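# Structural characterization, general
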Amino acid sequence: MTKKTIEDLRDIAGKRILVRVDFNVPLDEKRNITDDTRIKAALPTIKYLIEAKAKIILVSHLGRPSGVDEKLRMDPIGARLSELLGKKVTKLDDCIGEEVENAISKAKNGDVILLENVRFYAEEEKNDEIFARKLASLADIYVNDAFGTAHRAHASTAGIAEFIPGVAGLLMEKEIKALSKLLENPEKPFLLILGGAKVSDKIGIIRNLLSKVDIVALGGGMAYAFLKAKNWPVGKSLLEEDMVPVAKEIVKKTYELHLYDFHTPLDHIVVTGKISPEAEKQVVERGAVSENMIGVDIGPQAIAEYEDCIHRAKTIFWNGPLGIFEIDQFATGTIAIAKAVAEAQAYTVVGGGDSIAALNKAGVDLNKISHISTGGGASLEFLEGKVLPGIACLQDK
Ligand code: ADP
Ligand code: MG
């Protein structure tokens, strides 16, 4: 970890600390929070700062408002946070300006203030300098604990750190450490399992990890570009034609790297006609996929082969379901892989919204996964080797 964290801060009692958190939680029509994982994930940092008697000012975005949107105010989140902390949380109705300054000036050591949805201002996403300055003027120190938005250069995720010193929160630190372990000296063999719908989303990660991994197992819709690249028939399965040359280039690279432990599914679950919960499914070998067939899951031979890969690995990164797991009868492959990853004697990291949903669907004990990345796009960009503005802006140790 090359960046300073809140644990590197000294004498913070009484200091105003603005913490960018990711409280972008799902809400139902009645504005009830349907999943508070992200609020819970921010608790270690908030509790640490309360203990240290700082004045804590939290800021987050919620949804995609254009201007002030009553439905996207932070009030339900403030209420839930207060319950979780067992402590009063003062929710303000703006995130900059005189009233906010007044409220902060009245705060006592250890108080927690929650600002209004920062995306009510279009300046936030534009990383507007004046807006970033106004946010910075509210505090002495900036803490970024919103790993999920670290790949965006917005005013509250990056711009603000031009004006006050910035350090990482504990969640941010946890994410950086866990993902760095994959990039720097992973214990070998290192297995990369990739699935999901679009191969174009995953190309960056394959490119960056190809020289670091020892085993690759592909599934889901993205596998069809690779099967096509290897001249296997794909029928009517999901295929991004323009990605086939890119897949070919990657396959060629695997030969150059002597990466022969590179697997595409040996067999598939297919349907003809419409993809639906009632559709009649069939198992076919990969050579037997005909014109009218749509691949919806990996088949039993592929599952067995991937389980073997998982048993052999010492480090595993998994992103992307291996089939259309939202439909129960096409979730077999994904559930088998989720269970095998959870049981693996390896350092295991899982990232991606749908992949985490798949872990839940499989009913595995999430504590058995070494690290579940909350990042989504940010985790993928980190593993692609990109510089994330929300991390780059923080002070080096
Ligand atoms: P994550 O959110 O974990 O990063 P993605 O968003 O990349 O994962 O991919 C998830 C989606 O991929 C799911 O909606 C799933 O239905 C879809 N998918 C998986 N396999 C197939 C397939 N064979 N054909 C079409 N879609 C697929
Ligand atoms: Mg997804």
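Everything numeric in this text was worked out from a predicted model, so none of it was measured. (Residues numbered from 1 in each chain as written. Chains lettered and ligands numbered in written order. Predicted model: local features only at pLDDT ≥ 70, side-chain atom pairs only at ≥ 80, totals over all residues. Heavy atoms only, no water.)

### Some words on the state of the cysteines
Enumeration over the complete set of coordinates arrives at 0 disulfides. Here Cys95 stays free of any disulfide, with the sulfur of Cys393 as its closest cysteine sulfur at 17 Å. (Disulfide = S-S within 2.5 Å.)

### Quick word on the nonpolar core
Core analysis: the largest hydrophobic core is formed by 67 residues, its most contacted members being Leu18, Leu115, Phe147, Phe226 and Phe382. The dominant element in this core, judged by the number of residues it contributes, is helix α7 (residues 170–183), at 6 residues. For this core, the two domains that each supply at least three residues are domain 1 (6–173) and domain 2 (186–383). Setting aside its immediate chain neighbours within four residues, Leu18 contacts Ile57, Val59, Leu115, Leu135, Leu138, Ala139, Ile141, Tyr142, Val143 and Ile160. (Core = buried A, V, L, I, M, F, W, Y, C linked by side-chain atoms within 4.5 Å. Buried < 20%, exposed > 50% of the residue type's maximum accessible area, 1.4 Å probe, protein only. Helix = DSSP H or I, 4+ residues; strand = E, 2+ residues; numbered from the N terminus. Domains from an automatic or database assignment. Contact = heavy atoms within 4.5 Å.)

### Some points on the domain arrangement of the protein chain
Split into domains, the protein chain comes out as domain 1 (6–173) and domain 2 (186–383). If you average the C-alpha positions of domain 1 and of domain 2, the two centres end up 36 Å apart. Contacts between the two partners involve 5 residues from domain 1, matched on the other side by 8 residues from domain 2. Taken together, the two surfaces of domain 1 and domain 2 that pack against each other cover about 530 Å², and 67% of this comes from carbon and sulfur. (Buried area = accessible area lost by both parts, 1.4 Å probe.)

### Digging into the site of ligand 1
Close contacts around ligand 1 come from 19 residues, with Lys202, Asn319, Glu326, Asp354 and Ser355 the closest. Residue Gly221 places a main-chain N or O atom 3.3 Å away from a nitrogen atom belonging to ligand 1. Contacts to ligand 1 include Ser355, whose side-chain N or O atom sits 2.5 Å from an oxygen atom. Starting from 580 Å² of accessible surface for ligand 1 in isolation, the protein chains cover 82%. Of all the elements in the fold, those that place two or more residues in the shell around ligand 1 are β12 (293–298) and α13 (353–362). No other element matches the 3 residues that α13 contributes to the shell around ligand 1. (Near = heavy atom within 4 Å. Polar contact = N/O pair within 3.5 Å; in protein donor to acceptor, adjacent residues only side chain to side chain. Areas by Shrake-Rupley, 256 points an atom, 1.4 Å probe, with all protein chains shown as cover.)

### So, the sheet that holds strand β13 (residues 315–319)
The strand order β9-β8-β7-β13-β14-β15 describes an open sheet built from 6 strands, whose pairing is parallel. Edge strands, defined here as strands with exactly one partner in the open sheet, are β9 (262–263) and β15 (371–373). Here strand β7 (residues 190–194) pairs with β13 via 5 bridges, running parallel. Bridged to Ile193 within β13 is Trp318. Running over the sheet, helix α8 (residues 199–209) touches β7 and β13 and is turned about 165 degrees from β7. (Pairing = 2+ DSSP bridges. Axes fitted to C-alpha atoms, helices over the stretch in contact; angles between N-to-C directions.)

### Let's talk about the environment of Thr90
Looking at the secondary structure, you find Thr90 in strand β3 (residues 89–91). Setting aside residues no more than four positions away along its own chain, Thr90 makes contact with Val112, Ile113 and Leu114.

### Focus on the pattern of salt bridges
Across all of its chains, the model carries 23 salt bridges by this definition. In this structure, Glu70 engages Arg73 in a salt bridge whose closest nitrogen and oxygen atoms are separated by 2.9 Å. Classification of Glu70 by relative accessible area gives exposed; the value is 52%. Close ionic contact of Lys91 with Asp75 constitutes a salt bridge, the shortest N to O distance being 3.2 Å. One end of the pair, Lys91, is in strand β3; the other, Asp75, is in helix α3 (residues 75–85), with 16 residues separating them in the sequence. You can call Asp75 partly exposed: its relative accessible area is 33%. Among the charged side chains, a salt-bridge network with shared partners connects Glu70, Arg73, Asp75, Lys91, Asp93 and Glu116. (Salt bridge = Lys/Arg side-chain N within 4 Å of Asp/Glu carboxyl O.)

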